[in-house]
Amino acid sequence: MKKVAFIALALVTIAGAAFAGGKPDASKMEKKLITVGYAQVGAESDWRTANTESFKSTFVEANGYKLIFDDAQQKQENQIKAIRNFIQQDVDYIVVAPVVETGWETVLKEAKDAGIPVILSDRMMKLSDNSLYTAWVGGNFLKEGQDAIGWLDAYVAKSGLKDKDLNIVILQGTIGSSAQVGRTQGVTEGIAKNPHYKLLAKQTGEFTQAKGQEVMESFLKAYPNIDVVIAENDNMAFGAIDAIKAVGKVPGKDIIIISFDAVHEAFNRMIAGEINADVECNPLHGPRVAEIIQTLEKGGSVDKIMYVKEGTFDTTNAAAILPSRKY
Ligand code: GYE
């Protein structure tokens, strides 16, 4: 533990209980807070909002933490600045959800030299030296991409579309983010395996609703015969739905929509028949990172890579599942 902070509540207690017997009770006098700096990507999506909320509600003083939260507005240079600030403030742990995979070696070396463990959460980094981080926890993005095509294969088989050529477009996430890299790989490899699947275009919508809508509008202008949209997150799918409606087509019927994240609103859209299927990506990493920190605090060792188990939902089960959803 590098930093010692005090809980205000504990100090109040000192005045009462700790001195009750005349002599100060040392164990009650100090309660060390674990200081955690979280370099968050931004606030680009519903998923991200749920992820931020998960950290803010987990790393609270009542649980023994002081959280320093930084929103990088989807910019790597802001995240690097935030990490340097955390080092300067001598935090106990640094948590990073890296906006992109590459370009982290220098700043992580600085953290290592300062003796501060770095935990990666959500997206991954591509590093030449994996000793620069202690552990990573998040979704398996390649598998998510494969699951999206797996759902399409099954849907095509059961709806008699097997011999029909399907024109597909992909709305990609932030280029170079591991969520985009893995999902795009899983999806494009799956498309390449089926001679009836034709990939017309893929372009980034930056994981935002506004950009997703804009790119979908341009796709609809360029390609009048789109059969399937694969949106690499829900907010881009919401934007695509608006763009499809604006040209007088029916989302979910005229154009099949497959999305990722499976946030609350996506369930509503599946129930409405506008999104056909959604591959889950769980954003509730706060408690998972806290568990890693608690294990490290006790001197224990943690797995380097921890994947969260995730499923796929569609219009057939969305209504039944929605009440049990936590984000
Ligand atoms: O899918 C998207 C968010 O990195 C898994 O980032 C995360 C992605 C998520 O903006 O909605």
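Keep in mind the model is a prediction, meaning the values are calculated, not measured. (Residues numbered from 1 in each chain as written. Predicted model: local features only at pLDDT ≥ 70, side-chain atom pairs only at ≥ 80, totals over all residues. Heavy atoms only, no water.)

1. Points about the packing of helix 6 (residues 141-158) against helix 7 (residues 178-193)
- Closest axis-to-axis distance for the helix 6/helix 7 pair is 7 Å, and the angle between their directions is 35 degrees. Like other packed secondary-structure pairs, helix 6 and helix 7 cross with a definite hand, here right-handed. Where helix 6 abuts helix 7, its residues Phe141, Leu142, Glu144, Gly145, Gln146, Ala148 and Ile149 lie against Ser178, Ala179, Gly182, Arg183, Gln185, Gly186, Val187, Gly190 and Ile191.
- Taken together, the residues that form the contact of helix 6 with helix 7 break down as 7 nonpolar, 7 polar and 2 charged. (Axes fitted to C-alpha atoms, helices over the stretch in contact; angles between N-to-C directions. Helix = DSSP H or I, 4+ residues; strand = E, 2+ residues; numbered from the N terminus. Left-handed = near helix turned anticlockwise from the far one by under 90°. Contact = heavy atoms within 4.5 Å. Nonpolar A, V, L, I, M, F, W, Y, C, P; charged D, E, K, R; others polar.)

2. So, the sheet that holds strand 7 (residues 197-204)
- In space, the 6 strands of this open sheet follow the order 7-6-8-9-10-12, with mixed pairing throughout. Where the open sheet ends on each side, the last strands, each with one partner, are strand 7 and strand 12 (312-314). Going across the sheet, the axis of each strand differs from the next one's by a mean of 15 degrees, ignoring polarity.
- This element, helix 6, spans strand 6 (166-172), strand 7, strand 8 (228-231), strand 9 (256-261), strand 10 (277-280) and strand 12 of the sheet and lies at about 150 degrees to strand 9. (Pairing = 2+ DSSP bridges.)

3. A short note on the packing of helix 4 (residues 76-88) against helix 5 (residues 105-113)
- Contact geometry for helix 4 and helix 5: axes closest at 10 Å, N-to-C directions at 10 degrees. As summarised for this structure, helix 4 and helix 5 are arranged roughly parallel, according to the angle between their axes. For the pair helix 4 and helix 5, contact is made by Ile80, Ile83, Arg84 and Ile87 and by Thr106, Val107, Glu110 and Ala111, respectively.
- Classifying every residue of the contact of helix 4 with helix 5 gives 5 nonpolar, 1 polar and 2 charged. (Parallel < 35°, antiparallel > 145°, perpendicular 65-115°, else oblique.)

4. Let's talk about the pattern of salt bridges
- According to the stated counting rule, one finds 14 salt bridges in the structure shown.
- Glu274 is the partner of Arg269 in a salt bridge, and the nearest nitrogen-oxygen pair spans 3.3 Å. Neither residue differs from the other here; Arg269 and Glu274 are each classed as buried.
- One salt-bridge network, held together by shared partners, links Glu44, Arg48, Asp122 and Arg123. (Salt bridge = Lys/Arg side-chain N within 4 Å of Asp/Glu carboxyl O. Buried < 20%, exposed > 50% of the residue type's maximum accessible area, 1.4 Å probe, protein only.)

5. A look at the nonpolar core
- Grouped together as the largest cluster of nonpolar side chains are 35 residues, with contacts concentrated most on Leu171, Met216, Phe219, Ile226, Val229 and Ile275.
- Only helix 3 (46-58), strand 6, helix 8 (209-222), strand 8, helix 9 (234-246) and helix 10 (264-271) provide two or more residues apiece to this core.
- Those residues in contact with Phe219 that lie beyond four places of it in its chain are Val169, Ile170, Leu171, Ala201, Lys202, Gln203 and Ile226. (Core = buried A, V, L, I, M, F, W, Y, C linked by side-chain atoms within 4.5 Å.)

6. Things to note about the pairing of strand 3 (residues 93-96)
- The alternating pattern of strand 3 places Tyr93 and Val95 on one face and Ile94 and Val96 on the opposite face, and all of these are buried.
- Here strand 1 (residues 34-40) pairs with strand 3 via 4 bridges, running parallel. Along strand 3, the bridge assignment pairs Ala39 with Val96.
- Of the strand pairs in this sheet, strand 3 and strand 4 (residues 118-121) are connected by 3 bridges, and their pairing is parallel. From the neighbouring strand, Val96 faces strand 4, where its bridge partner is Leu120.
- Regarding the hand of the β-α-β motif, the stretch spanning strand 3, helix 5 and strand 4 is right-handed. (Right-handed = clockwise from strand over helix to strand, strands pointing away.)

7. So, the domain arrangement of the protein
- For the protein, the assigned domains read domain 1 (31-138 + 284-308) and domain 2 (141-281).
- Counting residues at the interface gives 11 residues for domain 1, matched by 18 residues for domain 2.
- Interface area, domain 1 with domain 2, both sides summed: about 1,100 Å², of which 54% is carbon and sulfur.
- The largest contributions to the domain 1 side of the interface with domain 2 come from Asp46, Trp47 and Arg123, which together make up 44% of the buried area.
- Applying the counting criterion to the domain 1 and domain 2 interface returns 0 salt bridges.
- If you look at where domain 1 meets domain 2, you find 6 residue pairs in polar contact (both at pLDDT 80 or more).
- Of the residues that constitute the side of domain 1 that touches domain 2, the class distribution is 4 nonpolar, 2 polar and 5 charged. (Domains from an automatic or database assignment. Buried area = accessible area lost by both parts, 1.4 Å probe. Polar contact = N/O pair within 3.5 Å; in protein donor to acceptor, adjacent residues only side chain to side chain.)

8. Things to note about helix 5
- Three or more residues of helix 5 are buried, namely Glu105, Val107, Leu108 and Ala111.
- Those residues of helix 5 that are buried are in contact with helix 4, strand 3 and strand 4.
- With its phi angle positive at about 75 degrees, Gly115 sits one or two positions after the end of helix 5.

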